[in-house]
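Okay, here's what each chain looks like letter by letter:
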Amino acid sequence: MASPEETAIVLDVMCGGLRTILRMVGYDTAYALERGIEADDEIRALAESEGRVLCTRDASLAESTENAVLLRTTDTDEQLAELAAAGFELELTEPRRNSVCNGPVAELSSDDSTPEYAPDPADRRCWRCRDCGQVYWRGSHWDDVAARLKSL
């Protein structure tokens, strides 16, 4: 079983739709295009140098990469089902990573301030990204992703 605490992932250019959900469930998820990488040899090198599991739809790239998962479908929910079948833990617990920049998040205390777009942490639990400062809370998007994962 692959867990978010023990497994880092790199997604090739064909699997970018997975990045937000994998980050929400806690995986340290690098996306090749966010790193300016498109070539197979560079993606393979990234996976190997950072000890990441490569998720790809490219059969030859998967075969030539030591720690890779070949995904056969283009649909994000079906790809999540494939990852679950391959032993990846896909459960929303506590926010651990920023779904946009992949940075780690830390829970705010009830007396921390938040931007206007975010709830008051005295009223609702909130988390701040340690890398970019974005504030997160469990809202409707969290509920939508939870429902998608439950349907797997």
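Quick note: structure is the one above.
Residues numbered from 1 in each chain as written. Predicted model: local features only at pLDDT ≥ 70, side-chain atom pairs only at ≥ 80, totals over all residues. Heavy atoms only, no water.

Draft legend 1. Geometry of the environment of Asn 67. Position of Asn 67 among the secondary structure elements: in the loop between helix 3 (59-63) and strand 4 (68-70). Taking the C-alpha atoms as reference points, Asn 67 and Leu 54, 13 residues apart in sequence, are found 6.3 Å from one another. For Asn 67, the residues in contact, after removing those within four places along its chain, are Arg 52, Val 53 and Leu 54. (Helix = DSSP H or I, 4+ residues; strand = E, 2+ residues; numbered from the N terminus. Contact = heavy atoms within 4.5 Å.)

Draft legend 2. Spatial organisation of the pairing of strand 3 (residues 52-56). Of all five residues in strand 3, five are buried; the element is thus mostly enclosed. Side chains Arg 52, Leu 54 and Thr 56 project from strand 3 onto one buried face, and the interleaved Val 53 and Cys 55 project onto a second face that is buried too. Across four bridges, strand 1 (residues 8-11) lies against strand 3 in parallel orientation. Bridged to Leu 11 within strand 3 is Cys 55. The sheet contact formed by strand 3 and strand 4 spans three bridges and is parallel. Bridge pairing links Cys 55 to Val 69 in strand 4. (Buried < 20%, exposed > 50% of the residue type's maximum accessible area, 1.4 Å probe, protein only. Pairing = 2+ DSSP bridges.)

Draft legend 3. The arrangement of the packing of aromatic side chains in detail. Tallied over the entire structure, the rule returns two aromatic pairs. Both rings, one in Tyr 27 and one in Phe 88, keep their centres 6.0 Å apart while their planes meet at 55°; by these two values the pair is tilted. Taken together, the residues Tyr 27 in the loop between helix 1 (19-24) and strand 2 (28-31) and Phe 88 in the loop between helix 4 (76-85) and strand 5 (105-107) connect sequence positions 61 residues apart. Overall, Phe 88 belongs to the buried group, its relative accessible area being 6%. Ring geometry for Tyr 117 and Trp 137: centres 6.2 Å apart, planes at 35°, overall tilted. Of this pair, Tyr 117 sits in the loop between strand 5 and strand 6 (127-129) while Trp 137 sits in the loop between strand 7 (135-136) and helix 5 (140-150), placing them 20 residues apart in sequence. Looking at Tyr 117, the relative accessible area reads 43%, which means it is partly exposed. (Phe/Tyr/Trp six-rings, centres within 6.5 Å; stacked < 30°, edge-to-face > 60°.)

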